[in-house]
Amino acid sequence: MEKNAKIYVAGHRGMVGSAIYRKLQQEGYANLCAATSNELDLKDTQAVDRFFQKEQPEYVFLAAAKVGGILANNNFPADFLYDNLMIQNNVIEASYRYNVKKLLFLGSSCIYPKFAPQPIHEESLLTSSLEPTNEAYAIAKIAGVKLCQAYSKQHNRHFISVMPTNLYGFGDNYHPQNSHVLPALLRRFHEAKEQGLDEVVIWGSGTPLREFMFADDLGAACLFLMLNYDQPDIVNVGTGEEVSILDLAHLIAETVGFKGRVGFDKTKPDGTPRKLMDSERLHKLGFRHQTSLKEGIRITYQDFLEKIGAYSVVK
Ligand SMILES: NC(=O)C1=CN([C@@H]2O[C@H](COP(=O)(O)OP(=O)(O)OC[C@H]3O[C@@H](n4cnc5c(N)ncnc54)[C@H](OP(=O)(O)O)[C@@H]3O)[C@@H](O)[C@H]2O)C=CC1
Ligand SMILES: C[C@H]1O[C@H](OP(=O)(O)OP(=O)(O)OC[C@H]2O[C@@H](n3cnc4c(=O)[nH]c(N)nc43)[C@H](O)[C@@H]2O)[C@@H](O)[C@@H](O)C1=O
């Protein structure tokens with residue numbers, strides 16, 4: 001990928017897309033193109049076609065998607081299935097039609113079966129049933145993976161797919177109901193401290209285990225894979241470290257400076273009991289993440305404090 005190559009980052013305002021965009025800029029890629037969802041609705045096939053015809057991107061990072069936490073996924077399955085199928089179908093098909101040299105599609109660890117053997121190897125895909133709370137989103141992501149593989153096989157395209165673990169970082173969604181656990185708890189513990197509350201309630205039992213990666217590390221991994229990987233087989237991107245949701249809550253409380261107790265809302269779903277990725281394929285290629293969970297939460301909380309006005313706007 002030459003430094004003056006035309007590169008399209010779909011979803012460049014999102015947490016992951018902005019991390020990829022920043023990384024590309026840092027590394028001297030100067031011919032970047034992007035559009036917000038207001039300027040270009042990626043669900044609109046003809047608009048996407050016109051965009052590709054005009055911009056003629058040579059490389060595409062597909063980081064645009066309908067994204068949310070466990071409750072949003074559970075409550076709005078039609079949106080998660082339809083929007084994601086449309087967005088990825090349109091971008092992948094246009095990338096084929098306009099001869100994009102290479103495309104990187106972002107999937108998610110939720111494509112794997114609910115009770116996949118841990119750590120979860122790439123070969124676990126489609127070996128048993130999915131977690132019901134995010135089945136619709138996972139089915140869309142699996143279709144995206146299969147579409148990339150099908151275009152690679154039938155049309156000899158270089159369309160690769162990356163499966164990140166749970167992410168957090170700059171520009172995350174802090175919606176109290178629809179976000180993922182880490183931004184939700186950063187905001188809840190912060191507000192509890194500000195209001196002098198003595199308890200913060202977390203959803204579920206606190207026992208599920210999750211693996212978290214700082215989004216800028218994923219941005220670096222995406223560029224690394226764009227430059228160094230060219231197989232249709234999917235690649236997991238994780239840290240290899242897991243934490244229980246209760247321990248995560250304690251870590252966030254410590255970072256924020258909340259001294260009260262933690263309660264549990266057991267009417268809310270736990271989701272998958274454990275979701276640790278096997279990232280050996282990525283490690284053997286030569287990439288490892290840099291940011292520890294503690295440091296990543298510290299940096300993210302600083303960013304949250306700086307932009308608190310904006311984050312209180314419901315996303
Ligand atoms: N967050 C996580 O924990 C994880 C995320 N991923 C994957 O990473 C990718 C990015 O996620 P993340 O950055 O967290 O999500 P965000 O919600 O932060 O960003 C998603 C981006 O997609 C764009 N978008 C959504 N719908 C449309 C549309 N109809 N037309 C055009 N653009 C649209 C939005 O654009 P705009 O801002 O202009 O509205 C937004 O910038 C997704 O594929 C997701 O599945 C995978 C694993 C974990
Ligand atoms: C990345 C991945 O993210 C989603 O799956 P998930 O890992 O279950 O995501 P989550 O971050 O929303 O929850 C993680 C755990 O944390 C608990 N939990 C506690 N308290 C809060 C809380 O306040 N908010 C949320 N959201 N969860 C909470 C919650 O009950 C659960 O046990 C997919 O739908 C899909 O989007 C996907 O790909």
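Residues numbered from 1 in each chain as written. Chains lettered and ligands numbered in written order. Predicted model: local features only at pLDDT ≥ 70, side-chain atom pairs only at ≥ 80, totals over all residues. Heavy atoms only, no water.

Caption draft 1: Inspection of the UniProt feature "site: Important for catalytic activity" (unreviewed entry) in the chain at higher detail. What UniProt calls "site: Important for catalytic activity" (unreviewed entry) maps, in this numbering, to S108 and C110. Of the annotated set, the members that line the largest cavity are C110. Its location among the elements puts S108 in the loop between β4 (102–106) and α5 (135–155). S108 has contacts with Y137, M163 and P164, leaving out every residue within four places of it along the chain. Within the fold, C110 resides in the loop between β4 and α5. Once residues lying within four places of it in the same chain are set aside, the contact partners of C110 are L130, N134, Y137, A138 and K275. (UniProt positions renumbered as here; feature names shortened; annotations may be inferred. 1 Å grid on protein atoms, 1.4 Å probe; cavity = no way out; pocket = protein on both sides within 12 Å on 5 of 7 lines; lining within 4 Å. Helix = DSSP H or I, 4+ residues; strand = E, 2+ residues; numbered from the N terminus. Contact = heavy atoms within 4.5 Å.)

Caption draft 2: Local environment of the packing of helix α8 (residues 245–256) against helix α10 (residues 293–306). In contact at an axis separation of 10 Å, α8 and α10 are set at 50° when each is read in the N-to-C sense. As summarised for this structure, α8 and α10 are arranged oblique, according to the angle between their axes. Crossing of α8 against α10: the hand is right-handed. Residues L248, L251, I252, E254, T255 and V256 of α8 lie in contact with α10, whose contacting residues are L293, K294, I297, R298 and Y301. For the contact of α8 with α10, a count of residues per class yields seven nonpolar, one polar and three charged. (Axes fitted to C-alpha atoms, helices over the stretch in contact; angles between N-to-C directions. Parallel < 35°, antiparallel > 145°, perpendicular 65-115°, else oblique. Left-handed = near helix turned anticlockwise from the far one by under 90°. Nonpolar A, V, L, I, M, F, W, Y, C, P; charged D, E, K, R; others polar.)

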